[in-house]
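Okay, here's what each chain looks like letter by letter:
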Amino acid sequence: MGDHSDKAALFDALARVGKALGSGKRLELLDLLAQGERSVEHLAAVAGLGLTTCSAHLQTLRQAGLVATRRDGTKIHYRLAGPDVAALYALLRDVAATRNAEAAAARDAYLGPADTEAVDRDELRRRLAAGDVIAVDVRPAEEYAAGHIPGAISIPLDQLAARITELPADVEVVAYCRGAYCVLSHEAVRLLIDHGHPAVRLADGMLEWRRDQLPIAV
């Protein structure tokens, strides 16, 4: 029989990780860091946070061991501590949507109607190898530069309408973005189809790609 105080200390230590995850903004920061290493300034701007608030959230995640840092001069860059953190975040997200009606409703409201066709990663990799499709990364360009699916081209969503003519009209596009709960690929497919271009989306995205340690191009 172990000492009760040691057991209590163990569960308190586990709870500190849970507490670090107990903030929507901190989960959003993990979602962004799953795309690649980022500076505090960049994370604050994308997440709509002040620098001080963003730094405080990142420190909480760091103290829980969920993120790591790198200093470059006066700038601090953050990254996920490992693929297991991406897996933890993805599992939390999926369990919440499966077990909590409010989370599922919020997901559906954010992603919009289920009016776009999706393919899984195995099919995308098979079709890329066969040359049957073009993979288009519709995330911001800096996220593409931090790591992307091999063979994919970068056309951020806000540039897609102006750059559709760069895509061969007779080749289907598979659009992808940050993860299964990222709206960018949904919007990209709707836009492409509205312009008469064949398109589907990847069912998930870079979060799941990194989680499963699949090949990444930089």
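Residues numbered from 1 in each chain as written. Predicted model: local features only at pLDDT ≥ 70, side-chain atom pairs only at ≥ 80, totals over all residues. Heavy atoms only, no water.

Caption draft 1: Focus on the pairing of strand S7 (residues 172-177). For S7, the tally of buried residues reaches five of six residues, placing the bulk of the element in the interior. Strand direction decides the pairing type here: strand S5 (residues 133-137) and S7, joined by five bridges, are parallel. In the sheet register, isoleucine 134 faces S7, and the bridge partner there is valine 173. Examined bridge by bridge, S7 and strand S8 (residues 199-205) share four bridges and lie parallel to one another. Across the sheet, residue valine 173 finds its bridge partner in S8, namely alanine 199. (Buried < 20%, exposed > 50% of the residue type's maximum accessible area, 1.4 Å probe, protein only. Helix = DSSP H or I, 4+ residues; strand = E, 2+ residues; numbered from the N terminus. Pairing = 2+ DSSP bridges.)

Caption draft 2: A look at the sheet that holds strand S3 (residues 75-80). Pairing is antiparallel across the open sheet formed by three strands, whose spatial order is S1-S3-S2. The open sheet has two edge strands, strand S1 (38-39) and strand S2 (67-72), and neither has a second partner. In this structure, S2 lies alongside S3, joined through six bridges in antiparallel fashion. Its bridge partner being in S3, arginine 71 is matched across the sheet by isoleucine 76. Sheet strands touched by helix H2 (residues 24-33): S1, S2 and S3. Its angle to S3, the strand with the most contacts, is close to 85°. (Contact = heavy atoms within 4.5 Å. Axes fitted to C-alpha atoms, helices over the stretch in contact; angles between N-to-C directions.)

Caption draft 3: Representation of helix H5 (residues 83-99). With 17 residues, H5 should cover 24 Å at 1.5 Å per step; its first-to-last C-alpha distance of 24 Å lies within 8% of that length. Looking only at H5, the buried set comprises Val85, Ala86, Tyr89, Ala90, Arg93 and Ala97. Buried positions in H5, seen along its axis, are confined to an arc of 135° and lie on one side of it. Across H5 from its buried face, at more than 90 degrees, point the exposed residues Asp84, Leu91, Thr98 and Arg99. Against H2, S3, helix H6 (101-111) and helix H11 (206-211) lie the buried residues of H5. (Expected span 1.5 Å × (residues − 1). Arc of directions from axis to C-beta.)

Caption draft 4: Region of the structure containing the UniProt feature "domain: Rhodanese" (unreviewed entry) in the protein chain. Residues annotated by UniProt as "domain: Rhodanese" (unreviewed entry) correspond here to residues 129-218. The span residues 129-218 shows a helical share of 36% and a strand share of 22%, and its end C-alpha atoms are spaced 19 Å apart. (UniProt positions renumbered as here; feature names shortened; annotations may be inferred.)

Caption draft 5: The packing of aromatic side chains, seen in detail. Summed over all chains, the structure comprises zero aromatic pairs. One residue, arginine 93, lies across the ring of tyrosine 181, its end atom 4.6 Å from the ring centre. (Phe/Tyr/Trp six-rings, centres within 6.5 Å; stacked < 30°, edge-to-face > 60°. Lys NZ or Arg CZ within 6 Å of the ring centre and 35° of its normal.)

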